[in-house]
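One letter stands for each residue in the lines below.
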Amino acid sequence: MSRISKRFETEMRRGAIQIAVMCLLEKERYGYDITKSLKNSELKIEEGTLYLLLKRLENEKLLSSRWDTADSRPRKYYQITEYGREVRKNWLEFFKSINTNVEQFEINMDSEKR
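Source: prediction; values computed, not measured.

Quick notes on the rules
Residues numbered from 1 in each chain as written. Predicted model: local features only at pLDDT ≥ 70, side-chain atom pairs only at ≥ 80, totals over all residues. Heavy atoms only, no water. Axes fitted to C-alpha atoms, helices over the stretch in contact; angles between N-to-C directions. Helix = DSSP H or I, 4+ residues; strand = E, 2+ residues; numbered from the N terminus. Parallel < 35°, antiparallel > 145°, perpendicular 65-115°, else oblique. Left-handed = near helix turned anticlockwise from the far one by under 90°. Contact = heavy atoms within 4.5 Å. Nonpolar A, V, L, I, M, F, W, Y, C, P; charged D, E, K, R; others polar. Salt bridge = Lys/Arg side-chain N within 4 Å of Asp/Glu carboxyl O. Buried < 20%, exposed > 50% of the residue type's maximum accessible area, 1.4 Å probe, protein only. Pairing = 2+ DSSP bridges. UniProt positions renumbered as here; feature names shortened; annotations may be inferred.

(A) Molecular detail of the packing of helix α1 (residues 2-24) against helix α2 (residues 31-39). Between α1 and α2, the least distance of the axes is 11 Å, while the angle of their chain directions is 120 degrees. Considering their axes alone, α1 and α2 lie oblique with respect to each other. Once α1 is placed against α2, the crossing between them reads as right-handed. Only Ile34, Ser37 and Leu38 of α2 make contact with α1, whose side of the interface consists of Ile17, Ala20, Val21 and Leu24. Residue classes in the contact of α1 with α2 are distributed as 6 nonpolar, 1 polar and no charged.

In structure tokens:
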């Protein structure tokens, strides 16, 4: 059963991480900064996995990026696009709707037990 639970949690976490990254990028950030923010939550992500996600979201025009080479260490900064804000709004609404529906099923399940 733990393998099944682990797989389910991984799938749910994957979607939540995408939403969290889109929320974090309302303000311009670089990859390591995003990783640190996620590590402070239950949504931990490996840096390599994060960069693949950022690349995909950028290819989908949900994010934009720019290089900053002013410091000794060049950094690529990401920020959500206007299109990304629209998509994020839809994702958040969908996520909240799913949560509300699941909670309703849980309430119904509890009341049927009585």
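More follows now that the structure is in view.
(B) Expanded view of the pattern of salt bridges. Scanning all chains against the criterion turns up 8 salt bridges. A salt bridge links Arg29 to Asp33, with the shortest nitrogen-to-oxygen separation between them at 3.2 Å. Note on Arg29: relative accessible area 14%, which makes it buried. We classify Asp33 as buried; its relative accessible area is 19%. If you follow the salt bridges from partner to partner, you end up with Glu26, Glu82, Arg85 and Arg88 in one network.

(C) Expanded view of the pairing of strand β3 (residues 75-80). Across 2 bridges, the pairing between strand β1 (residues 29-30) and β3 is antiparallel. Along β3, the bridge assignment pairs Tyr30 with Tyr77. Where strand β2 (residues 63-68) and β3 come together, 6 bridges link them in antiparallel fashion. Each residue of the ladder has a partner; that of Leu63, found in β3, is Ile80.

(D) Representation of the UniProt feature "domain: Transcription regulator PadR N-terminal" (unreviewed entry) in the chain. The positions that UniProt labels "domain: Transcription regulator PadR N-terminal" (unreviewed entry) are, in the present scheme, residues 23-89. Secondary structure across residues 23-89 divides into 48% helix and 21% strand, with the first and last C-alpha atoms of the span separated by 10 Å.

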